[in-house]
Amino acid sequence: MNYLPVFLRIRNAPCLVVGGGAVALRKVELLLSAGASVTVVSKSQDHRILNLVQQDKITYLKCGFSPELIKGMHLVVAATDDRTVNQQVSEAAMAHAIPVNVVDQPELSSFIVPSIVDRSPVIVAIGTGGTAPILARLLKSRLETLIPAAYGRLARLAGGFRQQVKAKFDSIAERRHFWEHVLQGPIAELVFSGRDDEARDALEQLIEKPDHSPAVQGEVYLVGAGPGDPDLLTFRALRLMQQADVVLYDRLVAREIVDLVRRDADRIFVGKARAKHTVPQTDINRLLVELAHQGKRVLRLKGGDPFIFGRGGEEIADLVRENIPFQVIPGITAASGCAAYAGIPLTHRDHAQSCVFVAGHLKDGQLDLNWSALCQPDQTVVVYMSLTGLETLCSKMIRHGADGDLPAALIQQGTTRNQKVITGTLATLPGAVSSGDIKPPTLLVIGHVVSLRSGLAWYNPDDSSPDTDTETTLHAKSDFSR
Ligand code: SAH
């Protein structure tokens, strides 16, 4: 190791920043966030530095650097573009053994500032010894995705009980075992889902009676997996996918996404093709309850968002009755995913002030929708489950007063490599779709916003190399129902 990583306590300590530009400003802000008492010295300054002076957050000396300025400082940063000045600052600080950093000049610095992942009080610092700061930044962004935002709250909760735990358990090994159990189990999960009070109670109980902790309680994560592209998963979805014991998924979840679930988790396919539920909904609901009662962390992975045509409400109703803890993690719903990837803004000041989502599947060959609401002007209508009823839907809208020339688009397997967009009007789209080779799932978008696609289409997966394994990519065999 060329450097010793340490965390320096500089709260209220006088620190000096030499330089008044944007780089200096960043260092000033960093020092302020650690509570330092900052003095800035420079001949000219960024207006944001003046703002800080006006808010009484820093002391500002409008002059050049002179060595006596470092007297009494606990830390010095040089952030000027004048190498001679930087050299002087470095020499003066080193002569008094005051830690000094010269931005971008590790050879003049006694310390370097790492890339930081801040979940205070948890802080991860990454350094490359000044060799490749960009690499440190790349690593930082990876870690940002891995460490839940609530880690700070978890650390504070643990900190509050540290002495109690120390008093309770004599050996280091016992204490380590205890904290490992707390920090990666259900108590941590309570903190991550914002239930800090319950977490505190559970922790208190566990310290009180570590041997009588209730049988491991299972829990259910109802997670939206988005419309297809695995990159559209949320951080929380990915984290829960990595810790589940068993996963229940259906056809709408892309195979690449199921592959991201923890390797040794049991996988249960619960089907759900239109009019052919492989596992009936009531059985799915019951299965979730049974698995949770066995103490398992159950991941119910759903396409898009669980609360948008996803029966999420039904699936958790039984959990509520049975007192089983659960979390609902939103996903990008097909409407926003497909619209974004098709270059169709769902609202636009000139074209649509509102947007409605409706389910368009036929019941006994009929479509029972509020037609006058759907035919309102300046509105975008997004129809889920619309492929089989497409023709009926378009003609009914025209019959209820919508303009036959109203633009409409059908998006096939939006956000995936197999995305295909067919555009037309209410009058022409059904014909265009029936002559095209369309593979579900598909989403219908109706409204003037569709005309914007001609200028905004940005995602054009290479036609020459479609995913040949279409069927399994989105587990698509027919149009999907809920
Ligand atoms: N909960 C899901 C919707 C489930 S209903 C969500 O929020 O997206 C199933 C319907 O969603 C399908 O019939 C289709 O209309 C739509 N859908 C889901 N994923 C899609 C995709 N990648 N491309 C086009 N339509 C999609």
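Residues numbered from 1 in each chain as written. Predicted model: local features only at pLDDT ≥ 70, side-chain atom pairs only at ≥ 80, totals over all residues. Heavy atoms only, no water.

Asks: For the sheet that holds strand β10 (residues 266-269), give the residues involved together with the corresponding values.
Replies: Judged by pairing direction, the sheet is parallel, and its 5 strands sit side by side in the order β10-β9-β11-β8-β12 without closing on themselves. In the strand order of this sheet, the two ends are held by β10 and β12 (326-329), each with one partner. With direction set aside, neighbouring strand axes in the sheet form an average angle of 15°. Bridge count between strand β8 (residues 219-224) and strand β11 (residues 297-302): 6 bridges; the pairing is parallel. Of the residues in β11, the one forming a bridge with V220 is V298. (Pairing = 2+ DSSP bridges. Helix = DSSP H or I, 4+ residues; strand = E, 2+ residues; numbered from the N terminus. Axes fitted to C-alpha atoms, helices over the stretch in contact; angles between N-to-C directions.)

Asks: Mind laying out the confidence of the model for the protein, listing which residues take part and the relevant values?
Replies: Across the protein, pLDDT averages 91, with 93% of residues at or above 70. Of the regions scoring below 50 in pLDDT, residues 466-473 engages in 17 contacts with residues more than four places distant in sequence or in other chains. In the predicted structure, residues 475-482 sits below a pLDDT of 50 and forms 49 contacts with residues beyond four places in sequence or in another chain. (pLDDT = per-residue confidence, 0-100. Contact = heavy atoms within 4.5 Å.)

Asks: Just give me the short version of the sheet that holds strand β5 (residues 100-102), but keep the residues and values in it.
Replies: Read across the open sheet, the 5 strands follow the order β3-β2-β1-β4-β5; overall the sheet is parallel. The sheet is open, and its two edges are formed by β3 (59-62) and β5, each paired on a single side. Put simply, the sheet's adjacent strands are angled 15° from each other on average, direction ignored. Looking at chain direction, strand β4 (residues 75-78) and β5 are connected through 3 bridges and run parallel. Bridge pairing links V76 to V100 in β5.

Asks: Could you give an account of the packing of helix α6 (residues 172-183) against helix α8 (residues 196-208), with specific residues and numbers?
Replies: In the contact formed by α6 and α8, the axes pass within 12 Å of each other and the chain directions differ by 155°. As the angle between them shows, α6 and α8 are arranged roughly antiparallel. By crossing handedness, the relation of α6 to α8 is classed as right-handed. For the pair α6 and α8, the contacting residues are F178, W179, H181 and V182 in the first and L203, L206 and I207 in the second. (Parallel < 35°, antiparallel > 145°, perpendicular 65-115°, else oblique. Left-handed = near helix turned anticlockwise from the far one by under 90°.)

Asks: I'd like a description of the layout of surface pockets, backed by residues and values.
Replies: The space that makes up the largest pocket amounts to roughly 1100 Å³. What lines the largest pocket is a set of 33 residues, among which V6, F7, L8, P114 and I116 lie closest to the centre. Counting residues per element, the ones that place at least two in the lining of the largest pocket are α1 (22-33), β4, β6 (115-119) and β7 (122-126). Per-element accounting of the lining of the largest pocket gives the leading share, 4 residues, to α1. Taken together, the residues of the lining of the largest pocket break down into 22 nonpolar, 6 polar and 5 charged. As a volume, the second largest pocket reaches approximately 780 Å³. As for the second largest pocket, its lining consists of 25 residues, and the residues nearest its centre are K27, V113, P114, P133 and R137. Contributions of two or more residues to the lining of the second largest pocket are made by α1, β5, β6 and α4 (133-146). Element by element, the count of residues in the lining of the second largest pocket is highest for α1, at 5 residues. (1 Å grid on protein atoms, 1.4 Å probe; cavity = no way out; pocket = protein on both sides within 12 Å on 5 of 7 lines; lining within 4 Å. Points joined across faces, edges and corners; volume = space filled by probe spheres on them. Nonpolar A, V, L, I, M, F, W, Y, C, P; charged D, E, K, R; others polar.)

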